[in-house]
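# Residue-level structure breakdown
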Amino acid sequence: MFSKVLIANRGEIALRVIRACQELGIQTVAVHSTADSDAMHVRMADESICIGPPSGALSYLNIPAIISACEITGAEAVHPGYGFLSENAQFVQVLEDHGIKFIGPTAEHIRIMGDKITAKDTMRKLGVPCVPGSEGGVDTLEEAYTVSDDMGFPVIVKATAGGGGRGMKLAKTRDDLEDAFHNARSEAKAAFGNDEVYIEKYLTLPRHIEVQVFGDGKGRAVHLGERDCSLQRRHQKVFEEAPGPCITPEMRARIGKTCSDAVADINYAGAGTIEFLYENDEFYFIEMNTRLQVEHPVTEAIFGVDLVKQQIRVASGEEMTFVQDELSIKGHAIEVRINAEKLPNFSPCPGTITHFHAPGGLGVRMDSALYAGYKIPPYYDSLIAKLIVTGTSRQAALARLHRALGELIVDGVDTTIPLFHDLLQEPDIQTGDYDIHWLEKWLEEQN
Ligand code: ADP
């Protein structure tokens, strides 16, 4: 086992990793920008190193500074959390060149899955069902018309390097295609420096269902069921639950096995998520994330496992302790993402937290780096807390969420907490009857 791990991240996810390390008896190193000197992850880690100015590009994405921090502190491994360098194959390569272990999959697996065209192609060959679409990239508008006419509208033009909902444009009809094609390409070029796009059939009423997988890197892998993350705004998840309200045990076993077999086949190491759109009882692969997801706690809650400890274990060369037959679901879990944002426009709302009270009690988990007096800097993601509740049933989890939200106090900045109070009043949320467009439609109706 490692004796010292550096966490190349900030906020709640840095705390999440520090906590796992502490329980495993591993020393922790926090890195931080000058804007984060007072951040909770810096306070909680055994050591900390400043790696640059506020801008993420110059600090949390600064590979040379992070390598230096490892060398100065003697950290043997790096946990990247999510975002920042978590899916950066070059970072993994540089760490390897310096004899530092990356807690995650290989650079090659990150590269394959980071390019959505290659990822789809790989998954198709591994027997995973995919969204119908172009074979590989679409380079010209002419080709875009040919592919889309064959498939039928609506279609969605997507950047192969895409992420965070960027570089994705819908063409409802043939008339929209030219704009969608050019806009997706220019947005992709600006965001990712790569303007390659592909085209998919646009599914009109799907749910977003993702399967958690975990591999030992040596050909053994398990799945830990699914999460339903259909409640999205601008392709960003805001509310996630496990198990999926519309997924039967038979379906779970079938898609779960397809996924675990696929990652076992490629000797995948560590945690990964295979994302699907789900419509008319069919699963359609859209992408694989080769990292721990923001919403991993709902899976941890219903399976009673610690995914981060398992990641660290496997990276250190120990055997993973997961056995498929021993993984069973108990109860239902829901996570809500609390952002420092002003409703109804969700505009970022950084500022000083004047008062903070986290909810507690049975079945309540609060992953947050907030404290009273903390000044939320304006430079980073607006996620400030994740509230995760678990109950014996979906109904019990919803009641617990209602209760926990009532206890939660975050004063000083605007947050998305009122959104969840309102959502819980909705019959569709109570029954679990929603698709990926439900939230956008509902928000429109509210305004
Ligand atoms: P990103 O990597 O940018 O998050 P994804 O490919 O994971 O992009 O898609 C994000 C979201 O966009 C999905 O959860 C879904 O809401 C929507 N989406 C993507 N592809 C399609 C499609 N073919 N049909 C309908 N919606 C889609």
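On a predicted model such as this, the values are computed, not experimentally measured, just so you know.

### Quick look at the sheet that holds strand 8 (residues 197–201)
Strand order in this open sheet of three strands is 7-6-8, and the pairing throughout is antiparallel. The two strands at the open ends of the sheet, each matched to only one other strand, are strand 7 (166–171) and strand 8. Averaged over neighbouring strand pairs, the angle between their axes works out to 25° when direction is ignored. Sheet contacts for helix 7 (residues 141–151): strand 6 (155–163), strand 7 and strand 8; angle to strand 8, the most-contacted strand, approximately 15°.

### Notes on the environment of His223
Structurally, His223 is set in strand 10 (residues 221–233). Among residues more than four places away in sequence, those in contact with His223 are Val211, Gln212, Val213, Gly256, Cys259 and Ser260.

### Considering the sheet that holds strand 9 (residues 207–216)
One open sheet holds the eight strands; their spatial order is 13-12-9-10-11-14-21-19, and the pairing between them is antiparallel. Two strands in the sheet have a free side with no partner beyond their single neighbour: strand 13 (282–289) and strand 19 (364–368). Across the sheet, the mean angle separating the axes of adjacent strands is 25° when strand polarity is ignored. Summarising the sheet, strand 9 and strand 12 (residues 269–279) pair through 10 bridges and their orientation is antiparallel. Along strand 12, the bridge assignment pairs Asp216 with Ala269. Most of the contacts of helix 1 (residues 11–23) go to strand 19, to which it runs at about 115°, and overall it touches strand 19 and strand 21 (383–391). On top of the sheet, helix 12 (residues 394–407) reaches strand 14 (332–339), strand 19 and strand 21; it is set at about 140° to strand 21, its chief contact.

### What about the UniProt feature "domain: Biotin carboxylation" (unreviewed entry) in the protein?
Mapped onto the present numbering, the UniProt feature "domain: Biotin carboxylation" (unreviewed entry) falls on residues 1–444. Helix makes up 34% of residues 1–444 and strand 29%, and the two end C-alpha atoms of the span are 51 Å apart.

### Description of the site of the ligand
Of all residues adjacent to the ligand, which total 19 residues, the nearest are Glu200, Leu203, His208, His235 and Ile436. Looking at the shell around the ligand, the elements with two or more residues in it are strand 6, strand 12 and strand 13. By residue class, the composition of the shell around the ligand is nine nonpolar, seven polar and three charged.

### Examining the nonpolar core
If you look at the biggest cluster of nonpolar residues, it comprises 129 residues, and the most contacted ones within it are Leu6 and Ile7. Here this core gets seven residues from one element, more than from any other, and that element is helix 1. Residue contacts for Ile7: discarding those within four places in its chain leaves Ala14, Val17, Ile18, Thr28, Val29, Ala30, His41, Ala45, His79 and Gly81.

### Describing the environment of Ser328
With respect to the element layout, Ser328 can be found in the loop between helix 11 (307–315) and strand 14. The spacing of Ser328 and Val131 is 197 residues in sequence and 29 Å in space, taken between C-alpha atoms.

About the criteria used
- Residues numbered from 1 in each chain as written.
- Predicted model: local features only at pLDDT ≥ 70, side-chain atom pairs only at ≥ 80, totals over all residues.
- Pairing = 2+ DSSP bridges.
- Helix = DSSP H or I, 4+ residues; strand = E, 2+ residues; numbered from the N terminus.
- Axes fitted to C-alpha atoms, helices over the stretch in contact; angles between N-to-C directions.
- Contact = placed C-beta atoms within 7 Å.
- UniProt positions renumbered as here; feature names shortened; annotations may be inferred.
- Near = placed C-beta within 6 Å.
- Nonpolar A, V, L, I, M, F, W, Y, C, P; charged D, E, K, R; others polar.
- Core = buried A, V, L, I, M, F, W, Y, C linked by C-beta atoms within 7 Å.
- Buried ≥ 20, exposed ≤ 12 C-beta atoms within 10 Å, placed from the backbone.

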